[in-house]
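# Commentary on secondary and tertiary structure
Residues per chain, in single letters:
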Amino acid sequence: MEPIGLLAQSTVSDLDAAHLWYAAVLGREADAAPMEGLLEWHFSDDAGVQVWKDPLRAGNSTTVVEVADLDEELTRLDKLGIAHDDPMNTPSFRVVTLEDPDRNRLILTGV
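Predicted model only: the values in this text are computed from it and were never measured. (Residues numbered from 1 in each chain as written. Predicted model: local features only at pLDDT ≥ 70, side-chain atom pairs only at ≥ 80, totals over all residues. Heavy atoms only, no water.)

### Let's talk about the sheet that holds strand E1 (residues 6-12)
For the record, the criterion: DSSP bridges decide pairing: two strands pair if at least two such bridges lie between them. A helix here means a DSSP run of H or I that spans at least four residues, while a strand means a run of E at least two residues long, and both kinds are numbered starting from the N terminus. Axis definition: a line fitted to C-alpha atoms, over the contacting stretch in the case of helices. Angles run 0 to 180 degrees between N-to-C directions.
Reading across the sheet, the four strands line up as E1-E4-E3-E2 and stay open at both edges, with mixed pairing between neighbours. Pairing within the sheet leaves two strands with one partner each, and these edge strands are E1 and strand E2 (32-35). Here the strands of the sheet are splayed against their neighbours by 25° on average, with no regard to which way each runs. Two strands pair when backbone bridges link them, and E2 and strand E3 (residues 38-44) are joined in this way by two bridges, in the antiparallel orientation. Residue pairing for E3: Ala 32 is matched across the bridge by Glu 40.

Right, here's the structure in full:
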């Protein structure tokens, strides 16, 4: 296999609520809605996040996003009132966990 792209996916029960949350967390509106029940945020030509309406599987997803400045992102999220854990330190980076309205985990990593 030679992957040329990757889309992480979170499954949700309420696409409208998820849309509001992900747009706030990611700092912009979705880039695409390629089919009913699916929203996409593209970070590059070959990487992004999908939010998919699937009530039977909702709340069981984890997506990891590396950010350039974790402190800046946490300040922005705090101003928006978006709850998150305190950063955990690892030997080479820090990790913060957020949960969307369905309790899917969005993990931010950075220095």
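### Thoughts on the pairing of E3
Hairpin geometry of E2 and E3 is characterised by an intervening segment of two residues between the two adjacent antiparallel strands and by a positive phi of about 85° at Gly 37. Following E3, the chain reverses through two residues before pairing antiparallel with strand E4 (residues 47-53).

### Examining the sheet that holds strand E5 (residues 62-66)
Each strand in a sheet pairs with another by means of backbone hydrogen bonds, the pair being arranged parallel or else antiparallel. Across the sheet, which stays open at both edges, the four strands sit in the order E5-E8-E7-E6 with mixed pairing between neighbours. Of all the strands in the sheet, the pair left with one neighbour each is E5 and strand E6 (88-89). Pairing of E6 with strand E7 (residues 94-99), which is carried by two bridges, proceeds in the antiparallel orientation. Pairing of Asn 89 across the sheet is with Arg 94, part of E7.

### Let's talk about the packing of aromatic side chains
Definition in use: Stacked, edge-to-face and tilted are the three classes for Phe, Tyr and Trp ring pairs, Trp counted by its six-membered ring, which pair at centre distances within 6.5 Å; planes under 30 degrees apart are stacked, over 60 edge-to-face, the rest tilted. The buried label applies to any residue whose accessible area, calculated with a 1.4 Å probe on protein chains only, is under 20% of its type's maximum; exposed applies above 50%, and partly exposed to all values in between.
For the structure shown, the criterion picks out two aromatic pairs. With centroids separated by 6.1 Å and ring planes inclined at 35°, the aromatic side chains of Tyr 22 and Trp 41 adopt a geometry described as tilted. Highlighted residues: Tyr 22 in helix H1 (residues 15-26) and Trp 41 in strand E3, separated in sequence by 19 residues. Just as Tyr 22 is buried, Trp 41 falls in that class too. One aromatic cluster is present, formed by Trp 21, Tyr 22 and Trp 41 through successive ring pairs.

### Remarks on H1
Our working definition: The span you would expect from a helix comes to 1.5 Å times its residue count less one.
Between its terminal C-alpha atoms H1 stretches 15 Å, which fits the 16 Å expected from 12 residues at 1.5 Å a residue. Looking one or two residues past H1, Gly 27 carries a phi angle of roughly 80°, positive in sign.

### Topic: unusual backbone geometry
In this model, Arg 103 sits at a positive phi of 75°, which is unusual for a non-glycine residue. Relative to the helices and strands, Arg 103 resides in the loop between E7 and strand E8 (105-110).

### Side note on helix H2 (residues 70-80)
Quick note on the threshold: Read the arc as the range of directions from the helix axis to the C-beta atoms. Throughout, a residue-residue contact means that at least one pair of heavy atoms, one from each residue, lies within 4.5 Å. Here a polar contact means two N or O atoms within 3.5 Å. Within protein one must be a hydrogen donor candidate and the other an acceptor candidate, and residues neighboring in sequence count only if both atoms are side-chain atoms.
For H2, the complete set of buried residues consists of Leu 70, Glu 73, Leu 74 and Leu 77. In a view along the axis of H2, the buried residues occupy a sector of 100°, so they form one face of it. Along H2, exposed side chains directed more than 90 degrees from the buried face belong to Glu 72 and Lys 79. Contacts made by the buried residues of H2 are with H1, E7 and E8. For H2, the side-chain oxygen to backbone nitrogen distance between the N-cap and Asp 71 is 3.2 Å, and the N-cap itself is Asp 69. Gly 81 occupies a position one or two residues after H2 and carries a positive phi of about 75°.

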